[in-house]
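As a plain string of letters, each chain reads:
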Amino acid sequence: MWNDTFVEDARDNDIIILVMGATGAGKSSFINAVAGKDALTVCHSPTAQSAIIEHVIVPHPDDAHRRVVFVETPGFDDTYLDDSEILRYTAGWLADSYNMKKEITGIIYLHEITQTRNPSETFRAIQLLCGESVYRNMVLATTKWSNVAEARGKEREGLLCASWKGMLDLGSSMCRFLGTRDSGWDIVLLLLDKQPILLQIQAEMRGQRSRLAQTHAHIMLVQKEKKAKRRKNTWSWIARLWSLFSRSRR
């Protein structure tokens, strides 16, 4: 079931932080660690048959009159849902935030360090969704360090650093999330004093969900899905041809 409604009881001085990443990267675990409680259900599978946009409200660590709102966005590269469908619901939520004049303060992108590579097309879609102008309000955080040897983790961290160099040069930060509350807050504190931002996809839609099809992120993901479908059809054709060839030799 999808739920893309905006934060209830939203306040003008809320600090809204998006938590993004592929399915299984540890978004729920990160938010639970920062909140200090099991606010979200953690899915231990790398795939999910459904997805929802959820938020958790946490008191500001230094200002009793403010709140930090963590918004868990659906993960791309899901087995059961197309990336364009995931983008549609995420963009709808962002359109609502734009219409309600509730600005995003920061973005935390989580990447599982045990993964040998960063899916280039999916990550490019996230870049297009956010836009270069908001990179200074982004933290790129690696997760699940307990599942990898330190030496191997450092090697992969170096490869990611090279892959993310363009974003880091434009102001993004790169950190490790070690699964603890303190580690999570070390990441969050990098964003709390940032000025609010307008994501590229919000600017492209200007609050109108109907404009999603014209956004750069949507166009790229649709092209990605078309290429994947063509590859699948090609391999199906090869399999059928091989089957006919094998029968003819019997």
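What counts and what doesn't
- Note that residues are indexed from 1 along each chain, following the sequence as it is written.
- Restriction of local features to residues with pLDDT of at least 70 applies here, the model being predicted, together with a cutoff of 80 or more for giving and counting side-chain atom pairs; totals for whole chains, interfaces and linings are based on all residues.
- For side-chain calculations, the full set of non-hydrogen atoms in the structure is used, while hydrogens and water are omitted.
- Salt bridges are identified by distance alone: a Lys or Arg side-chain nitrogen within 4 Å of an Asp or Glu carboxyl oxygen.
- Labels follow the DSSP assignment, with helices taken as runs of H or I lasting at least four residues and strands as runs of E lasting at least two, numbered in each case from the N terminus.
- Only protein chains enter the calculation, and the probe is 1.4 Å; a residue is then buried if its accessible area is under 20% of its type maximum, exposed if over 50%, and partly exposed in between.
- If DSSP finds at least two bridges between two strands, the strands pair.
- Note on geometry: axes are C-alpha line fits, over the in-contact stretch for helices, and angles between N-to-C directions span 0 to 180 degrees.
- When checking whether two residues touch, look at their non-hydrogen atoms; a contact exists if any pair is within 4.5 Å.
- In protein, a polar contact requires one atom able to donate a hydrogen and another able to accept it; more generally it is a pair of N or O atoms within 3.5 Å, and residues adjacent in sequence count only if both atoms are side-chain atoms.
- A pocket, in this scheme, is an open set of points on a 1 Å grid over the protein atoms alone with protein on both sides within 12 Å along at least 5 of 7 lines, while a cavity is a set where a 1.4 Å probe fits but cannot get out; residues line either one if an atom lies within 4 Å of a point.
- Grid points are joined across faces, edges and corners, and a volume is the space filled by probe spheres set on the points.
- Each residue gets one label: Ala, Val, Leu, Ile, Met, Phe, Trp, Tyr, Cys and Pro are nonpolar, Asp, Glu, Lys and Arg are charged, and the others, such as Gly, are polar.
- The aromatic pairing rule takes the rings of Phe, Tyr and Trp, using the six-membered ring of Trp, and pairs them if the centres are within 6.5 Å, calling planes under 30 degrees apart stacked, those over 60 edge-to-face and the rest tilted.
- Throughout this description, the term charge over a ring refers to an Arg CZ or Lys NZ atom that lies within 6 Å of the ring centre and within 35 degrees of the ring normal.

**Brief notes about the pattern of salt bridges**
Stage number 1. Evaluated as defined, the whole model comprises 7 salt bridges.
Stage number 2. In this structure, the salt-bridge partner of R67 is D14, at a minimum N-O distance of 2.8 Å. Pair noted here: R67 is in strand 3 (residues 67-72) and D14 is in the segment before strand 1 (15-21), with a separation of 53 residues, a long-range link. Both residues of the pair, R67 and D14, belong to the buried class.
Stage number 3. Between R176 and E150 there is a salt bridge whose closest N-O contact spans 3.2 Å. Of the two residues, R176 sits in strand 6 (residues 173-176) while E150 sits in helix 4 (residues 150-163), which places them 26 residues apart along the sequence.
Stage number 4. Here the residues in one salt-bridge network are E150, E157 and R176, joined through shared partners.

**Considering unusual backbone geometry**
Stage number 1. At K101, a position not held by glycine, the phi torsion is positive, near 60 degrees.
Stage number 2. Here K101 is to be found in the loop between helix 2 (83-99) and strand 4 (104-112).
Stage number 3. Phi angles above zero are rare outside glycine, and K144 is one such case at about 60 degrees.
Stage number 4. Within the fold, K144 resides in the loop between strand 5 (138-143) and helix 4.

**Describing the sheet that holds strand 2 (residues 54-59)**
Stage number 1. With respect to topology, 6 strands assemble into an open sheet ordered 2-3-1-4-5-6, the strand pairing being mixed. Of all the strands in the sheet, the pair left with one neighbour each is strand 2 and strand 6. Each neighbouring strand pair of the sheet contributes to a mean axis angle of 25 degrees, computed without reference to strand direction.
Stage number 2. Here strand 5 runs beside strand 6; their pairing, made up of 4 bridges, is parallel. Bridge pairing in strand 6 links T142 to R176.
Stage number 3. Most of the contacts of helix 6 (residues 181-188) go to strand 6, to which it runs at about 180 degrees, and overall it touches strand 1, strand 2, strand 3, strand 4, strand 5 and strand 6.

**Details of the side chain of Q127**
Stage number 1. Turning to its location among the elements, Q127 is positioned in helix 3 (residues 120-130).
Stage number 2. Residue class for Q127 comes out buried when judged on its relative accessible area of 17%.
Stage number 3. Those residues in contact with Q127, other than ones at most four positions away along the chain, are Y135 and M167.

**Observations regarding the side chain of D14**
Stage number 1. Its relative accessible area of 9% is what places D14 among the buried residues.
Stage number 2. Polar contacts involving the side chain of D14 include one to the main-chain amide nitrogen of R11, which spans 2.9 Å.
Stage number 3. A polar side-chain atom of D14 sits 2.8 Å from a polar atom in the side chain of R67.
Stage number 4. The contacts of D14, once residues within four sequence positions are left out, are R66, R67 and V69.

**Describing empty space enclosed by the protein**
Gaps left between atoms show up when a probe the size of a water molecule is rolled over them.
Stage number 1. In total, this model carries 1 cavity of 30 Å³ or more according to the counting rule given.
Stage number 2. Estimates place the volume of the largest cavity at around 30 Å³.
Stage number 3. Considering the residues around the largest cavity, the lining is formed by L18, I53, V71, T73, T90, W93 and L94.
Stage number 4. No other element matches helix 2, which puts 3 residues into the lining of the largest cavity.
Stage number 5. Here the residues of the lining of the largest cavity sort into 5 nonpolar, 2 polar and no charged.

**Some words on the environment of I201**
Stage number 1. For I201, the position within the fold is in helix 7 (residues 200-205).
Stage number 2. The buried category is assigned to I201, whose relative accessible area is 0%.
Stage number 3. Expressed as a C-alpha distance, the spacing of I201 and A217, which sit 16 residues apart in the sequence, is 7.5 Å.
Stage number 4. If sequence neighbours within four positions are ignored, I201 has contacts with L87, A91, L94, L128, L129, L212, T215 and A217.

**Comments concerning the packing of aromatic side chains**
Stage number 1. Under the definition given, this model contains 5 aromatic pairs.
Stage number 2. Three or more aromatic residues link up through ring pairs in this structure, and these residues are Y109, F123 and W164.
Stage number 3. For the cation-ring pair, R176 lies above W145, with the distance from its terminal atom to the ring centre recorded as 3.8 Å.

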